[in-house]
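Secondary and tertiary structure notes
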Amino acid sequence: MSAKRDYTRLFDLTGRKAIVTGGSRGIGRALTEALAAHGADVAIVVRSSIDLARSLADELNVEGGDSFAIQADVSVPADVERLAAEVAARWGRADILVNNAGIVLPGNAEDYPLEQWRQTLNVNLDGVFLVSQAIGKMMIAQKSGSIINIGSMSGRIVNWPFRHAAYNVSKAAVHMLTKCLATEWAEHNIRVNALAPGYIMTELTEEVLREHPDVVAN
C-alpha cells in the first residue's frame, strides 16, 4: 500500500446534489462552498437574503456547476413543499441535506415572550423536521442519502452568562431528532448525523464574541 494516500478521492462529490438551508452566510456559506469545492451542485435555501444566495450560486457555477438559490422559510410547510418540488424538478434527486438555518433571540427566561419562544422552536426545530421530512421522502425513494443537522454545543451545555434558553432547548431537540431519524431511516440507506459547533465567528455570533471575549476565550 502506498504511504501517500489521495484523500481528495475520499470526498469526491462530483455529480452529487446537495441542499443547504441558511446557505448564504456564516457556517452555511462555508458548508455550501466546501460542498461545491468537492464537486457537488448546491441548492442554497434562504429566507430573505435571496440576492446574496443568487450571487453565491453564480460564483459556484463559474466552472460549469448547477447550483441555484431557493427562497423559502423552513418553518412554513408550504414553503418547504415548494422547496422540495423545485429540487425534484431541477435535479430529480437529492443526495445531501444540510439543515443549517437557525436563529437566536436572547432574553431572560422569567419574562421571555412566548411568541419569541415559539419563533425560535419553529425555525430551529420545526424547520429541521419539515425539511428533513420533505427531502427524506425523496431519499427513501432513491434508497440513499445523507442528512447533516447543525446542532450546537448549546444543545448539551448552558452557555453562561448568555441567556437564550429557547435556543438551547431547540438545539437539544435537534440532537434527539437526529438520533430518531438516523434510527428510522437507516433501513433506507440514509445517514443522519449532527454537528455541534462551538463559537465560530459569523454574523450570528459577532456581537457575542465582541461583548464577551473573556467568556469565549475560556
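Bear in mind the structure is a predicted one, so any value in this text is a computation, not a measurement. (Residues numbered from 1 in each chain as written. Predicted model: local features only at pLDDT ≥ 70, side-chain atom pairs only at ≥ 80, totals over all residues. Heavy atoms only, no water.)

Our focus in this paragraph is the pattern of salt bridges. Tallied over the full model, the rule gives 8 salt bridges. Here R29 and E33 are joined by a salt bridge, their closest N and O atoms 3.1 Å apart. Taken as a pair, R29 and E33 lie in helix α1 (residues 26-37) at a separation of 4 residues, close to a single helical turn. For E33, a relative accessible area of 33% translates into the label partly exposed. Between E59 and R29 there is a salt bridge whose closest N-O contact spans 3.7 Å. Linking E59 in helix α2 (residues 50-60) with R29 in helix α1, this pair joins segments that are 30 residues apart in sequence. Overlapping salt bridges, with partners in common, bring together R29, E33 and E59 in one network. (Salt bridge = Lys/Arg side-chain N within 4 Å of Asp/Glu carboxyl O. Helix = DSSP H or I, 4+ residues; strand = E, 2+ residues; numbered from the N terminus. Buried < 20%, exposed > 50% of the residue type's maximum accessible area, 1.4 Å probe, protein only.)

Now for the packing of helix α3 (residues 77-91) against helix α4 (residues 114-142). Look at α3 against α4: their axes get within 9 Å of each other, and the N-to-C directions meet at 30°. Classified by the angle their axes make, α3 and α4 are roughly parallel. Of the two elements, α3 crosses α4, and the hand of that crossing is right-handed. Mapping the contact onto sequence places P77, V80, L83, A84, V87 and A88 in α3 and L130, V131, A134, I135 and M138 in α4. Residue classes in the contact of α3 with α4 are distributed as 11 nonpolar, no polar and no charged. (Axes fitted to C-alpha atoms, helices over the stretch in contact; angles between N-to-C directions. Parallel < 35°, antiparallel > 145°, perpendicular 65-115°, else oblique. Left-handed = near helix turned anticlockwise from the far one by under 90°. Contact = heavy atoms within 4.5 Å. Nonpolar A, V, L, I, M, F, W, Y, C, P; charged D, E, K, R; others polar.)

Residues I50, A53, L56 and A57 constitute the buried set of α2. Considered in projection along α2, the buried side chains sweep an arc of 120° and stay on one side of the axis. Away from its buried face, by an angle of more than 90 degrees, α2 presents the exposed residues D51 and D58. Of the surrounding secondary structure, the elements contacted by the buried residues of α2 are α1, β2 (41-46) and β3 (68-71). (Arc of directions from axis to C-beta.)

Fair warning: the whole summary comes from geometry, so function is off the table for now.
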